[in-house]
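Residues per chain are reported as follows:
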Amino acid sequence: MISIRHIITLFKKDVLLEFRQQYSFYGVLLYVASTIFVLYLAMGQPENTVWNGLFWMMQLFICVNAVAKSFLQESRGRQLYFYSVCNPVHFMVAKMIFNAVLMLLMSMVSLMLFRLFLGSPISHPLLFIGISCFGAVSISLVFSFLAAIAARAQQNAALMAILGFPLIIPELMLLMRMSNIAFSDVFQSGLMSIVFLLFCFDIMVLVLSVILFPFLWKD
Amino acid sequence: MLRKNWWKILSVFFLLYTFTAGFLGGVPEKPILNETIRNLYFHVAMWMVLMIFLIISLVYSLKYLRHNRPADDICAVEFARAGVVFGLLGLITGSVWARYTWGDYWSNDPKQIGAAIALLIYLAYFVLRNSLTDPDKSARISAVYNVFAFAMLFPTLWIIPRLVESLHPGGMGNPAFNTKDIDSRMRMIFYFGAIPGWALLGGWICSLRIRIQLLSQLNQESNV
């Protein structure tokens, strides 16, 4: 019970910081909007496969930016403070929940903007919204942990991209296969097995982060 | 153990056996595959060795995280290095084979993509190591990444290829090769020649590199 309370407090701290600074939210929002606008200028309304590919690439880049900011903005002094007052596992779980919520919000915004600018070729919109929520959470979990590594290495987002892109390809491949199902008019089987696999992926990432984060934490 | 000679001689013996029996021995006549099936002794064996070495590297990373001994970190990185070299060789032998059976060196097959991802993940591991200057910190953070990367790699190489269509032998079942394609003559050379031969050769390379690294570390310490 106490640990849940601690996690909620840490999560509230992140949200509050976000509201006060309004830095990463609006920063990433502007990033999303301008990138989608550039895409619109570059290719108008693309066909289904291109739309799908662009959408997931967009999610990837949003995630790198949004999640990286949430970890890298903590200064050294503040990290030392957290180190002395809270449990690393609570800290990591709170960060992951915060990043997942941020990423969910961002992916919904980008889905809306995609529909607005790049057309809406999806034949099962609700299914696609579900898939993109699931995808957003999965991607944000992986990148939360990588951001923790990159933050320890005192590097910028470039290191995170180098570490993260190869690791995220399998998940992205599964997500694209899943969302292709939402594009086609005929409902295809095989959705549930991919959902199950991705779910296992997420659980694995969660468990590994909880186990490994304490090692990154001590300095 | 590392300085003993018998297993090095054994490795040479196994490899000589693989090369002579592998090129001269009989193979089942399969359409399309024909004589290229002999690539089993090289390409498939190298990927098996990659897998073995990455598992050893993982074990040393876990040991490092438990006991904080620098020697474990050196072992982990050297086994990962040798594994990546074998992976590269496996990728090259695989694409040469693909040129003669599928018609092209690279055809975006899920297995080829998986192999490329595996190599990229471990190249990122070396980049991460080099980006950190403090040796203790570099060892710890890269050990953490190694564990995480291995866990992410495992589904890429062993689960996803089973779900998607691929031209690679073994199709939807065993991701490495089709066990029905080979006969007892080939199985003999593969399990009792190629895999132990390449694995021991790789182990030899690793043991030399680990000894060099340990000595240079000792040298640095005595200079300080």
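As shown above, the structure is provided for reference.
Caption draft 1: Structural context of the overall build of chain B. Helix and strand counts for chain B stand at seven helices and zero strands. The N-to-C order of helical and strand elements in chain B reads α-α-α-α-α-α-α. In terms of overall dimensions, chain B is globule-like: its C-alpha atoms have a radius of gyration of 19 Å, near the 17 Å expected for 224 residues. Summarising its shape, the C-alpha atoms of chain B cover approximately 65 × 40 × 25 Å along the three principal directions.

Caption draft 2: Structural view of the pattern of salt bridges. All names here are of chain A. Following the criterion strictly, the structure yields seven salt bridges over all chains and no others. Put simply, Asp14 and Lys13 hold a salt bridge, and the shortest N to O gap is 3.0 Å. With its nearest N and O atoms 3.5 Å apart, the salt bridge here joins Asp14 to Lys95. Linking Asp14 in helix H1 (residues 2-21) with Lys95 in helix H5 (residues 88-118), this pair joins segments that are 81 residues apart in sequence. Asp14 gets classed as buried once you look at its relative accessible area, which sits at 5%. Sharing partners across several salt bridges, the network here consists of Lys13, Asp14 and Lys95.

Caption draft 3: Looking closely at the side chain of Ser142 of chain B. Residues and elements named next belong to chain B. With respect to the helices, strands and loops of the structure, Ser142 is situated in helix H5 (residues 135-158). A relative accessible area of 0% means that Ser142 is categorised as buried. A polar contact of 3.3 Å, which involves the side chain of Ser142, links it to the backbone oxygen of Ala139. Not counting residues up to four positions away in its chain, the partners in contact with Ser142 are Asp73, Tyr125, Leu128 and Arg129.

Caption draft 4: Structural view of the interface of chain B and chain A. Listed as interface residues are 26 residues of chain B and, on the opposing side, 29 residues of chain A. Carbon and sulfur atoms make up 82% of the area that chain B and chain A hide from each other, which totals about 2,600 Å². Of all residues in chain B, the largest losses of buried area upon contact with chain A belong to Arg140, Phe148 and Met152 of chain B, amounting jointly to 24% of the total for that side. At the boundary of chain B with chain A, the tally comes to zero salt bridges. At the boundary of chain B and chain A, one finds one residue pair in polar contact (both at pLDDT 80 or more). For the side of chain B that touches chain A, the element with the most residues is H5 of chain B, which contributes twelve residues. When the residues that make up the side of chain B that touches chain A are grouped by side-chain class, the tally is 22 nonpolar, two polar and two charged.

Caption draft 5: View of the nonpolar core. Counting residues in each nonpolar core, the largest one holds 108 residues, and the members touching the most others are Phe143, Leu146 and Ile149 of chain A together with Tyr145 and Phe148 of chain B. No other element matches the 14 residues that helix H6 (residues 125-152) of chain A contributes to this core. Discounting chain neighbours no more than four positions away, the residues touching Phe148 of chain B are Val142, Phe145, Leu146, Leu167, Val205, Leu208 and Leu212 of chain A. Formed by 30 residues, the second largest nonpolar core is a distinct cluster that contains Ala21, Val49, Met186 and Ala194 of chain B.

Caption draft 6: Expanded view of a nonpolar patch on the surface. All names here are of chain B. The grouping of Val85, Leu89, Ile92, Val96, Tyr100, Tyr105 and Trp106 at the surface amounts to a nonpolar patch, some 700 Å² of accessible area in total. Examined against the element boundaries, Ile92 turns out to sit in helix H3 (residues 70-101). With relative accessibility at 49%, the residue Ile92 sits in the partly exposed group.

Caption draft 7: Main features of the packing of H3 of chain B against helix H4 (residues 110-131) of chain B. All names here are of chain B. Across the interface, H3 lies against H4 with an axial gap of 10 Å and an inter-helix angle of 150°. By the criterion of interaxial angle, the relationship of H3 to H4 is roughly antiparallel. Here H3 runs over H4; the crossing is left-handed. Contacts from Asp73, Ala76, Val77, Ala80, Arg81, Val84, Gly87, Leu88, Leu91 and Ala98 in H3 reach Gln112, Ala115, Leu119, Tyr122, Leu123, Tyr125, Phe126 and Arg129 in H4. Broken down by class, the residue content of the contact of H3 with H4 amounts to 13 nonpolar, two polar and three charged.

Caption draft 8: Broad picture of the packing of aromatic side chains. Enumeration according to the criterion identifies 29 aromatic pairs over all chains in this entry. On the numbers, 5.3 Å between centres and 90° between planes, the contact of Phe55 of chain A with Phe114 of chain A is edge-to-face. Placement of Phe55 of chain A in helix H3 (residues 48-72) and of Phe114 of chain A in helix H5 is noted, with a sequence separation of 59 residues between them. With respect to burial, Phe55 of chain A and Phe114 of chain A carry one shared label: buried. Seen in terms of ring centroids, Phe61 of chain A and Phe165 of chain A are 5.6 Å apart; in terms of plane orientation they differ by 80°. Their pairing is edge-to-face. Residue Phe61 of chain A is located in helix H3, and its partner Phe165 of chain A is located in helix H7 (residues 157-183); the two are separated by 104 residues in the primary sequence. In this structure an aromatic cluster arises from ring pairing among Phe19, Phe23, Phe42, Phe53, Tyr60, Phe79, Phe86 and Trp198 of chain B. The residue whose ring lies beneath Arg81 of chain B is Phe126 of chain B, and the NZ or CZ to ring-centre distance is 5.5 Å. Over the ring of Tyr105 of chain B we find Arg99 of chain B, and its NZ or CZ is 5.9 Å from the ring centre.

Here is what the cut-offs are and how they apply
Residues numbered from 1 in each chain as written. Chains lettered and ligands numbered in written order. Predicted model: local features only at pLDDT ≥ 70, side-chain atom pairs only at ≥ 80, totals over all residues. Heavy atoms only, no water. Helix = DSSP H or I, 4+ residues; strand = E, 2+ residues; numbered from the N terminus. Rg over C-alpha atoms; globule rule 2.2 N^0.38 Å. Salt bridge = Lys/Arg side-chain N within 4 Å of Asp/Glu carboxyl O. Buried < 20%, exposed > 50% of the residue type's maximum accessible area, 1.4 Å probe, protein only. Polar contact = N/O pair within 3.5 Å; in protein donor to acceptor, adjacent residues only side chain to side chain. Contact = heavy atoms within 4.5 Å. Buried area = accessible area lost by both parts, 1.4 Å probe. Nonpolar A, V, L, I, M, F, W, Y, C, P; charged D, E, K, R; others polar. Core = buried A, V, L, I, M, F, W, Y, C linked by side-chain atoms within 4.5 Å. Patch = residues over 30% accessible without salt bridge, like charges linked within 9 Å, V, L, I, M, F, W, Y side chains within 5 Å. Areas by Shrake-Rupley, 256 points an atom, 1.4 Å probe, with all protein chains shown as cover. Axes fitted to C-alpha atoms, helices over the stretch in contact; angles between N-to-C directions. Parallel < 35°, antiparallel > 145°, perpendicular 65-115°, else oblique. Left-handed = near helix turned anticlockwise from the far one by under 90°. Phe/Tyr/Trp six-rings, centres within 6.5 Å; stacked < 30°, edge-to-face > 60°. Lys NZ or Arg CZ within 6 Å of the ring centre and 35° of its normal.

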